[in-house]
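Architecture at a glance
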Amino acid sequence: MTRRLAEVAKKVGVSEATVSRVLNEKPGVSEATRAAVLTALDVLGYERPTQLRGERARLIGLVLPELGNPIFPAFAEAVGGALAGQGFTPVLCTQTAGGVSEADYVDLLLEQHVSGVVFFGGLYAQGDAPHDHYQRLAERSLPTVLLNAAIEHLDFPRVSCDDAVAVEQAFGHLRQLGHTKIGLVLGPLDHMPSQRKLAAARAVVAKLGLELPDEHVERALFSLEGGQAATTRLLRQGVTGVVCASDPLALGAVRAVRRAGLSVPDDVSVVGYDDSSFMMCTDPPLTTVRQPIEAMGRAVVDLLVGEIAGVRVTHDELLFEPELVVRGSTAPARERG
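The paragraphs below set out a description of the structure included in this document. Along every chain, residues carry numbers that run from 1 in the direction the sequence is written. Side-chain atom pairs in this predicted model are given and counted only at pLDDT of 80 or more, local residue features only at pLDDT of at least 70, and totals for whole chains, interfaces and linings cover all residues. Each side-chain value is derived from all of the structure's non-hydrogen atoms; neither hydrogens nor water enter the calculation.

Describing the packing of helix α2 (residues 16–23) against helix α3 (residues 31–44)
What counts, and what does not: In this analysis, axes come from line fits to C-alpha atoms, helices being fitted only over the stretch in contact, and the angle between any two N-to-C directions falls in the range 0 to 180 degrees. Numbering of helices and strands runs from the N terminus; a helix is a DSSP stretch of H or I covering at least four residues, while a strand is a stretch of E covering at least two. Roughly parallel covers angles under 35 degrees, roughly antiparallel covers those over 145, roughly perpendicular covers 65 to 115, and oblique covers all other angles. Only heavy atoms matter for contacts: two residues are in contact if any of them lie within 4.5 Å across the pair. Following the grouping adopted for this structure description, the nonpolar residues are Ala, Val, Leu, Ile, Met, Phe, Trp, Tyr, Cys and Pro, the charged ones are Asp, Glu, Lys and Arg, and the polar ones are all others, Gly among them.
It is the contact of α2 with α3, at a shortest axis distance of 10 Å, that shows an interaxial angle of 90°. With respect to their mutual orientation, α2 and α3 come out roughly perpendicular. Contacts between α2 and α3 pair T18, V19, V22 and L23 from the former with T33, R34, V37, L38 and L41 from the latter. Here the contact of α2 with α3 is built from residues that sort into six nonpolar, two polar and one charged.

A closer look at the packing of aromatic side chains
Let me state the cut-off plainly: Stacked, tilted and edge-to-face are the three classes assigned to paired rings of Phe, Tyr and Trp, where Trp is represented by its six-membered ring and a pair needs centres within 6.5 Å; plane angles under 30 degrees give stacked, over 60 edge-to-face, the rest tilted. Each residue's exposure class comes from its accessible area (1.4 Å probe, protein chains only) as a fraction of the maximum for that residue type: buried when under 20%, exposed when over 50%, partly exposed otherwise.
Under the defined criterion, the tally for this structure stands at three aromatic pairs. Judged by centre distance (6.3 Å) and plane angle (70°), the ring pair of F119 and Y124 falls under edge-to-face. Judged by its relative accessible area of 0%, F119 is buried. Y124 gets classed as buried once you look at its relative accessible area, which sits at 0%. Seen in terms of ring centroids, Y124 and Y134 are 6.1 Å apart; in terms of plane orientation they differ by 80°. Their pairing is edge-to-face. Taken together, the residues Y124 in the loop between β3 (116–120) and α6 (132–139) and Y134 in helix α6 connect sequence positions ten residues apart. Note on Y134: relative accessible area 0%, which makes it buried. The rings of F119, Y124 and Y134 are connected pair by pair, giving a single aromatic cluster.

Considering the layout of surface pockets
A water-sized probe, rolled over the atoms, reveals where empty space remains. Stated formally: Grid points spaced at 1 Å over the protein atoms alone were grouped into cavities, where a 1.4 Å probe fits but cannot get out, and pockets, open sets with protein on both sides within 12 Å along at least five of seven lines, with lining residues defined by an atom within 4 Å of a point. Grid points are joined across faces, edges and corners, and a volume is the space filled by probe spheres set on the points.
Of the volumes computed, that of the largest pocket is approximately 660 Å³. Residue lining of the largest pocket: 31 residues in total, with P65, F72, G121, H191 and F222 positioned closest to the centre. Elements that contribute at least two residues to the lining of the largest pocket include exactly α4 (71–85), α8 (192–207) and β9 (269–274). Considering each element in turn, the lining of the largest pocket owes the most residues, three residues, to α4. Partitioned by chemical class, the residues of the lining of the largest pocket number 16 nonpolar, ten polar and five charged.

Shape is all these values report; function is a separate question.
Below you can see the structure in the form of structure tokens.
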């Protein structure tokens, strides 16, 4: 007990006597200090006293599918900073292969009495994945916000970048450059954002008087290696432009073009999606469709804090407009022999 008091007191910057007063529900402690002490208990992994366990900590779980794709740390930084400004402590929960699963993290966060959870791309976006842990969050009425497209039956606030507009911008850009054979690299079949992108691509190519045959659509894991393998198959179909559903996929596409003895952008143009960190520093700098990270992050926090405060917030999906960022990986089309 003495060690616990000392660690919590040091973490909060108060005396051990103050920590003891909070744990024993004694008067004479401000609400802000009381909240800070309870949060410190949770962060340090100590159990709350029985009489305090029913209260939610001012902790917010940020559940990420990975850290390898720079877009997820960028979103976590934007959301975490905004939450800290509201007096909440973000807790980063990152999945790893063979490690703690998304469902495990939900159980852990519920045990810690967190005030809310934000998911940054996860199983909610995959139609064939298990979704029972989301049901547990709903049954507990725990404020939860989902970032980017989710399957339809999950009734949580959602903040998304408009996948249809993103595809329209990418295909429209390549068409203006004279490309008529354009390939599309997407995520898995049951991935909702990829389904939206494919539907939008079919609509936009019809509007542009082009075709998008099935052999010009490839599926891949969201990785550089996945993008390389998918683009290698597209090159055999003679495409001169490749639109990818993420920046790592696009970097894999660039590698595939080079391994085929071709050049980006002279022989094949490549467009990514996200505009994650350092895409202007790649060789060539990547043309991509930018997600408005800061604006989306603020919307996530506004919705979450509103739900925590008991304010009725919209559960309709908020769609944010992406922005085409033209760099060096796209150029006018030329016929390939």
